[in-house]
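# Architecture and fold: a report
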Amino acid sequence: MGTTRMDRRLFLKATGATAGAAASIQVGCLSYFKKGRSATADRREVPTTCELCPNKCSAIAVVEGGLVKKLNPNPENPKSRDMLCARGNAAIKQVYDPDRIKQPMIRVGARGEGKWKPVSWDEAFDFAAKKLAEVKEKHGPQASLWSSTEGFQEVFFKNLGLAFGSPNIVRHPTLCLASVNLAYSMTFGTVPSFDLLNSRYVIMSGANRFESIITPDTMDLIGGVMERKAKLIYLDPRFTVTAAKADEWYPIKPGTDLAFILAMIHVIIKENRHSKDFIAAYTTGFDLLAEHVKSYTPEWAEKETEIPAKDIIRIAREFSDAAPRSLYYAGRRSSWYQNDFQMRRAQAILNAIVGNWDQVGGMVPNAKLPKGEFLFMPWDEPKAPRVDEIDKHFPLAAKGDGVYLKLRENVLSGKPYPVKAWMVYKQDPMNAMPDQAKTLKMIEGMDFIGVIDVAMSDMAWYADVVFPESAYLERTDPVEVMAGIWPAVVYRQQVVKPIHDTKPNLEIVQGLAKRLGLSDYFDYTIEQWVDAEFKELPIPMAAEHMKKHGVWAASGQPSYGKTLTPDHRFVTKTGKIEIFSERLKEAGHDPLPVYASPEQPPADRFRLILGRVGYFTHANHSNNVWLHEFMKENDLWINPKSAAKLGILNGAIVDVTSSVGSVKLKARVTEEIRPDCVFMLHGFGKKSKMQSLVYNVGASDAVILETAWDKVSGNAAFHETFVKVTNA
Ligand SMILES: Nc1nc2c(c(=O)[nH]1)N[C@H]1C(S)=C(S)[C@@H](COP(=O)(O)OP(=O)(O)OC[C@H]3O[C@@H](n4cnc5c(=O)[nH]c(N)nc54)[C@H](O)[C@@H]3O)O[C@H]1N2
Ligand SMILES: Nc1nc2c(c(=O)[nH]1)N[C@H]1C(S)=C(S)[C@@H](COP(=O)(O)OP(=O)(O)OC[C@H]3O[C@@H](n4cnc5c(=O)[nH]c(N)nc54)[C@H](O)[C@@H]3O)O[C@H]1N2
Ligand code: SF4
Ligand SMILES: [Mo]
C-alpha cells in the first residue's frame, strides 16, 4: 500500500483546487446557464444531481453521440460550491460498467450460489408479488421488512411497504447518524449546520472531512478555515488527511472523547468563561451542569484520553476566547460506541455554553424551502407494532427509521412475531451491518428476498429476485429540498435513456403494486409527481428554471440570529436549549452526560476502528473501474510497535479475528495509527462475483464486527470490537 498516501494527496489536491476557488466567492452562485449555451445535434449539456453519495452535488452532464462523455460541477449550487469529487466524476462508469445487472434476474441455484435466470419484467414482478402475497396470507403484512438507504426515489419504496400494510420500514440512520441527530435534537430541538466558512476555531472528534466528504463542510474547511488561518484541532486515533491538514492533531485514546469534552466544560465553567447572558436567556439546567462537571478535571481527562491536561486547558481557553465563532463540530457517522449519544450530547452542551448558537461562524439552525406535494390516495395505518419494539426500547428514537440491529435480533429470534419477506432498496445490509454471519442467518430464515439495486451487490447476490434500477444518469427523480445555511432545491433529470433493460424505482414499485392489488396508491407518473413539487417552489417559472439549471438557491447572505429573540420557543419540552434533559431522565437515561471508561482490549487484542477514503462511498464503488485505480485492495493499519511484538512485517498476510469471524488482510505497518487499535477500510472482500474487481479481494469488515449499539438512540456501535492479529 505504499502508493496510498500519494493517491490521497493527489485526490485532495484536485478537490482542494476546485473547492478553494469556489469558496473564495462565498457561496458560489455563479450562473452557468446564463450564457445561453447552445446544444448541437450531437452535443448536449444536461444539469442533474449526483447520486453517488448523500451530498446531492449539482452536476452538468455533457452528452455526445448519445453517450455521457463528461460530468462537470454546476457552480449554481451553493452547497456543492462548484465541486464534483472523484466519485462524482466516476458516475459515468456506473452507467457503462460491464458488471451491471442488465435485466431482471431470478435465482435458480441455492442462495448465494450465483446461478441466475435472466427474466422479463413481467416474470420478475409476477414471481415477487406471488411470494409477497403468500407471506402476507400466512403471517400478515407485518411479516415483511422494507429496508432502504436514502435516495430521491426511496419515497416510493417506503410507500409500497406501508401500502402493503407493514410497520417494518427500516432505514439506514441507525447504522450512521442516529445518535448525533438525536443528541442535537434533544438539546436544541433541531440538528443545526456548522458555519465552517466563517468559524475561527474548530474542534473535530474524528469527523474526517478531508476524506469523508460532506458538502459544503469539506470545501469550507479548505477555503474557509485553512485559507483564513482559523484553527483546526483534530482528535483521531489515526493520522488521516484531516489530521495532516489540522493545526493540532491528538491521537486520542479510542472511546474517550467524552472525557475530553467534559474536561473542556469543566475548565470553561471553572474559569468563568461561559456565555452568561446567552445561558440565562436561552438555556435550562446550567447550574446542574456546573455541579456535574466538578470532578471532570483536565488532569483526570489526561489519564483517560492521553491528551495532556495543559493542552485541554489551553484548548478550552482558546475555544471560549474565539466564541461565538468557535465550533465543536458534530460529525456525521456517529455509529462508534455504546455511549455515542452521550458523547454527542456533551458536544452540543459545550457549544451551547459558549453561546455559539445561531451565530456567524457558529452553529446555525437550517433554513428550509417549501416544495409542493403530490396528493396520492392514502392507505390505512399498519395494524401491527414494529418488530424492533422501538417504543419499548428506544422511546426517543426516530420511529419511521426503525432500529436496525435490534430489528435483526428480533427477526432472528422470531419474536415478537415472524418476519419472512425482505425487500431491499439501494442498500447493502450484507456489508452495512456488523456480523455478516448473523445477516446470512437472517437471510436463510426468509421465505422471500427481493433487491432493487443498480449493481449486483452482496445483498443482491443472496436475493431471490433482483430488479435492476436505471442508474441516476438514466432517470428523472423527485425534487429534493436541501435545508442548510444556504438552502437549495435540486433536480435530477434523465441525461441519457437506459442502456439496458432497467427501470426507475417508481416503475418497479408500480409493477409490484399492480400485482399486489395496490395500484390505486401509485396512480401517477414521475412527471406528475415532480410537477406537483415544482408548483410550490418559491421560484418564478419553477419547472422551466429547474429543467434548465438543475438547482435553485435563495440569493444573498444567510441571516443569522433568527431564533435569538425573547419569545422564541425551541422544539424541546421546556422550549429552551436543554442542558439538563427531563425527557432523558424520564426515559431512564442520564439527563447530563456521565462518563464511564471504555473497556480496554486485553493484551493480545486490538480495538478495530473504521473510517473512509475520499474515493469510495461505503462498501460501494470499489468496483467502479476508475475509482478502483485509487485502491485495489484494502489492508490492515497496524502500528510498528504492535507489529514488532507480533513479528508482523509490512505487507505480510495476517489473520484478523474477532469473536464472530476471521478475515485475511495484508498488514500495513504504519505510525499513522495508535498501538492499541487497528484500522481497515470498508468495501472489499465481496461475495458477489458480479463485483468482479473486488470479488474475494481483501476483506469485508462486516465479517468481523460484533453487534453492539448505543443505548439511547439504538445506533450501531461499530468501534466496540476487539480483534486478534496473527501472521497467517
Ligand atoms: N461495516 C461497516 N458498516 C457500515 C459502515 C462502515 O463504515 N462499515 N458505515 C455505515 C454508514 S455511515 C452508512 S451511511 C451505511 C451505508 O450503507 P449502504 O446504504 O448499504 O451503503 P452502500 O455500501 O453505499 O450501499 C448502497 C447500495 O445501493 C446501491 N445503489 C447505489 N446507487 C443506487 C441507485 O441509484 N439505485 C439503487 N436502487 N441502488 C443504488 C449500491 O449498488 C449498493 O449496493 O453503512 C453503515 N454501515
Ligand atoms: N468519500 C466519502 N465521503 C463520505 C462517505 C463515504 O463513504 N466516502 N460517506 C458519507 C457518510 S454516509 C457519512 S456518515 C460520513 C462519515 O464521515 P465521518 O463522520 O467523518 O466518519 P468516518 O469517516 O467514518 O470517520 C470516523 C473517523 O473517526 C476516527 N475514530 C475512530 N474512533 C475514534 C474515537 O474514539 N475518537 C475519535 N476522535 N476518532 C475516532 C476514525 O479513525 C475515522 O478517521 O461521510 C460521508 N461522506
Ligand atoms: S460529494 Fe461527490 S459523490 Fe457525493 S454527491 Fe458530491 S460529487 Fe457526488
Ligand atoms: Mo453514513
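Residues numbered from 1 in each chain as written. Chains lettered and ligands numbered in written order. Predicted model: local features only at pLDDT ≥ 70, side-chain atom pairs only at ≥ 80, totals over all residues. Heavy atoms only, no water.

Before going further, it helps to examine the overall build of the chain. The helix and strand tally for the chain stands at 25 helices and 27 strands. Its C-alpha radius of gyration of 25 Å places the chain within 12% of the 27 Å reference for a compact globule of 728 residues. Taking all 728 residues of the chain together, the buried fraction comes to 62%. Sequence-distant contacts, at least 24 apart, represent 74% of the contacts inside the chain between residues at least 6 apart. For the chain, the exposed surface amounts to about 26,800 Å²; the carbon and sulfur share of it is 53%. Between the centroid of the 92 positive side chains of the chain and the centroid of its 85 negative side chains there is a distance of 2 Å. (Helix = DSSP H or I, 4+ residues; strand = E, 2+ residues; numbered from the N terminus. Rg over C-alpha atoms; globule rule 2.2 N^0.38 Å. Buried < 20%, exposed > 50% of the residue type's maximum accessible area, 1.4 Å probe, protein only. Contact = heavy atoms within 4.5 Å. Areas by Shrake-Rupley, 256 points an atom, 1.4 Å probe, with all protein chains shown as cover. Lys, Arg positive; Asp, Glu negative; His and termini not counted. Charge placed at Lys NZ, Arg CZ, Asp CG, Glu CD.)

In this section: helix 18 (residues 436-444). Among all positions of helix 18, only Gln436, Thr439, Met442 and Ile443 are buried. Angularly, the buried residues of helix 18 cover 110° about the axis, an arc narrow enough to put them on a single face. Structural note: helix 18 exposes Lys441 and Glu444 on the side pointing more than 90 degrees away from its buried face. (Arc of directions from axis to C-beta.)

Across the chain, the average pLDDT comes to 94, with 95% of residues at 70 or higher. At the low end of the mean pLDDT range in the chain sits helix 1 (residues 4-23), at 31; at the high end sits strand 15 (residues 421-425), at 99. Here residues 1-26 scores under 50 on pLDDT; set against residues more than four positions off or in separate chains, the count is 45 contacts. (pLDDT = per-residue confidence, 0-100.)

Turning next to the nonpolar core. Core analysis: the largest hydrophobic core is formed by 58 residues, its most contacted members being Ile203, Phe260, Met264, Leu289 and Ile353. Elements with a contribution of two residues or more to this core: strand 9 (201-205), strand 10 (231-235), helix 9 (257-270), helix 11 (286-292), helix 13 (309-322), helix 14 (340-353) and strand 26 (677-680). In terms of residue count, helix 9 provides more of this core than any other element does, 11 residues in total. Structurally, this core is a two-domain feature, drawing no fewer than three residues from each of domain 3 (193-364 + 561-586) and domain 4 (606-727). (Core = buried A, V, L, I, M, F, W, Y, C linked by side-chain atoms within 4.5 Å. Domains from an automatic or database assignment.)

Here helix 12 (residues 298-305) crosses helix 13 at 115°, and the two axes come no closer than 8 Å. Classified by chirality, the crossing of helix 13 by helix 12 is right-handed. Contacts between helix 12 and helix 13 pair Pro298, Glu299, Ala301, Glu302 and Thr305 from the former with Ala309, Ile312 and Ile313 from the latter. Across the contact of helix 12 with helix 13, the residue classes break down as five nonpolar, one polar and two charged. (Axes fitted to C-alpha atoms, helices over the stretch in contact; angles between N-to-C directions. Left-handed = near helix turned anticlockwise from the far one by under 90°. Nonpolar A, V, L, I, M, F, W, Y, C, P; charged D, E, K, R; others polar.)

Once that is clear, we can look at the site of ligand 3. Surveying the vicinity of ligand 3 reveals the residues Cys50, Leu52, Cys53, Asn55, Lys56, Cys57, Leu84, Cys85, Arg87, Gly88 and Ile213. Residue composition of the shell around ligand 3, grouped by class: seven nonpolar, two polar and two charged. (Near = heavy atom within 4 Å.)

A word on the site of ligand 1. Surrounding ligand 1, one finds 29 residues, the nearest of these being Thr149, Asp428, Ala432, Asp453 and Glu469. In the environment of ligand 1, an oxygen atom lies 2.8 Å from a nitrogen or oxygen atom belonging to the backbone of Asp428. At 3.2 Å, a side-chain N or O of His682 approaches a nitrogen atom of ligand 1. Elements with a contribution of two residues or more to the shell around ligand 1: helix 17 (429-432) and strand 16 (448-453). Both of domain 2 (105-166 + 370-553) and domain 4 (606-727) provide at least three residues apiece to the shell around ligand 1. (Polar contact = N/O pair within 3.5 Å; in protein donor to acceptor, adjacent residues only side chain to side chain.)

A few words on the packing of helix 9 against helix 14. Contact geometry for helix 9 and helix 14: axes closest at 9 Å, N-to-C directions at 20°. The orientation of helix 9 relative to helix 14 falls into the category roughly parallel. Regarding helix 9 and helix 14, the two cross each other, and that crossing is left-handed. Seen from helix 9, the contacting residues are Asp257, Leu258, Ile261, Met264, Ile265, Ile268 and Ile269; seen from helix 14, they are Gln342, Met343, Ala346, Gln347, Ile349, Leu350 and Ile353. (Parallel < 35°, antiparallel > 145°, perpendicular 65-115°, else oblique.)

We now examine the packing of aromatic side chains. This model, assessed by the stated rule, comprises 32 aromatic pairs. With a centroid separation of 4.5 Å and an interplanar angle of 10°, the aromatic rings of Phe188 and Trp357 are classed as stacked. Pair noted here: Phe188 is in helix 6 (residues 178-188) and Trp357 is in the loop between helix 14 and strand 14 (363-364), with a separation of 169 residues, a long-range link. By the burial criterion, Phe188 is buried, and Trp357 matches it. One aromatic cluster is present, formed by Phe156, Phe374, Phe376, Trp379, Tyr521, Tyr524 and Trp529 through successive ring pairs. Positioned above the aromatic ring of Phe164, the side-chain terminus of Lys136 is 4.2 Å from the ring centre. The side chain of Arg668 reaches across the aromatic face of Trp637, ending 4.3 Å from its centre. (Phe/Tyr/Trp six-rings, centres within 6.5 Å; stacked < 30°, edge-to-face > 60°. Lys NZ or Arg CZ within 6 Å of the ring centre and 35° of its normal.)

Bringing the side chain of Gln347 into the picture now. Tracing the sequence through the fold places Gln347 in helix 14. A polar side-chain atom of Gln347 sits 3.0 Å from a polar atom in the side chain of Tyr184. For Gln347, the contacting residues outside a window of four places in its chain are Tyr184, Ser205, Ile261, Tyr328, Tyr329 and Ala330.

Before going further, it helps to examine the sheet that holds strand 23 (residues 635-638). The mixed closed barrel is built from six strands, whose spatial order is 22-26-23-25-24-27. On average, adjacent strands in this sheet sit at an angle of 45° to one another, irrespective of strand direction. (Pairing = 2+ DSSP bridges.)

Turning our attention to the domain arrangement of the chain. Accessible area lost during the coming together of the parts is what is often quoted as the interface size. Under the domain assignment used here, the chain contains domain 1 (6-95), domain 2 (105-166 + 370-553), domain 3 (193-364 + 561-586) and domain 4 (606-727). Measuring from the centre of the C-alpha atoms in domain 2 to the corresponding centre in domain 4 gives 29 Å. Counting residues at the interface gives 24 residues for domain 2 and 26 residues for domain 4. A combined buried area of about 1,900 Å² lies between domain 2 and domain 4, and 62% of that area is made up of carbon and sulfur atoms. Viewed at the interface, domain 4 and domain 2 are joined by zero salt bridges. Across the contact surface, domain 2 and domain 4 share 11 residue pairs in polar contact (both at pLDDT 80 or more). (Buried area = accessible area lost by both parts, 1.4 Å probe. Salt bridge = Lys/Arg side-chain N within 4 Å of Asp/Glu carboxyl O.)

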